[in-house]
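Commentary on secondary and tertiary structure
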Amino acid sequence: MTPLARALALPVRAYRLILSPWVGHGCRFQPTCSAYALEALERHGGLKGGALTLHRLCRCHPWGGHGYDPVPGSDPAHDRAKG
């Protein structure tokens, strides 16, 4: 993991450790946004992984999407089906 990706992963890990138990488990997506963020940062690095994470967080609202939404490149069958 690049230094930038490590730095961006720190607040995500802190959220998972401190806030997530209090907020609850009501994520609309699978994997959860925090798991998605950590995988995107690990797989794609700080810049692209950070952009993917930001895009995902912007879609995480009551009128946004829901369901299975893996990190690009983690599920080739899903990537092919999306086109």
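Here is a short report on the structure shown in this document. The model shown is predicted, which means the values in this text are computed figures rather than measured ones.

**With respect to helix α1 (residues 3-23)**
A rise of 1.5 Å per residue sets the reference length of α1, with its 21 residues, at 30 Å; its end C-alpha atoms lie 29 Å apart and thus fit the reference within 8%. Approximately 45° is the largest bend angle found in α1, and it occurs at Arg16. Within α1, the full set of buried residues consists of Ala5, Ala9, Val12 and Ser20. Contact partners of the buried residues in α1: α2 (33-59). Where α1 ends, the next residue or the one after it, Gly24, has phi of about 105°, a positive value.

**Some points on a nonpolar patch on the surface**
Residues Tyr15, Leu17, Ile18, Leu19, Trp22 and Val23 make up a contiguous nonpolar surface patch of about 740 Å² in total accessible area. Mapping Leu19 onto the fold places it in helix α1.

Cut-offs used in this document
- Residues numbered from 1 in each chain as written.
- Predicted model: local features only at pLDDT ≥ 70, side-chain atom pairs only at ≥ 80, totals over all residues.
- Heavy atoms only, no water.
- Helix = DSSP H or I, 4+ residues; strand = E, 2+ residues; numbered from the N terminus.
- Expected span 1.5 Å × (residues − 1).
- Bend = angle between axes of the 7 residues up to and from the residue.
- Buried < 20%, exposed > 50% of the residue type's maximum accessible area, 1.4 Å probe, protein only.
- Contact = heavy atoms within 4.5 Å.
- Patch = residues over 30% accessible without salt bridge, like charges linked within 9 Å, V, L, I, M, F, W, Y side chains within 5 Å.
- Areas by Shrake-Rupley, 256 points an atom, 1.4 Å probe, with all protein chains shown as cover.
- Salt bridge = Lys/Arg side-chain N within 4 Å of Asp/Glu carboxyl O.

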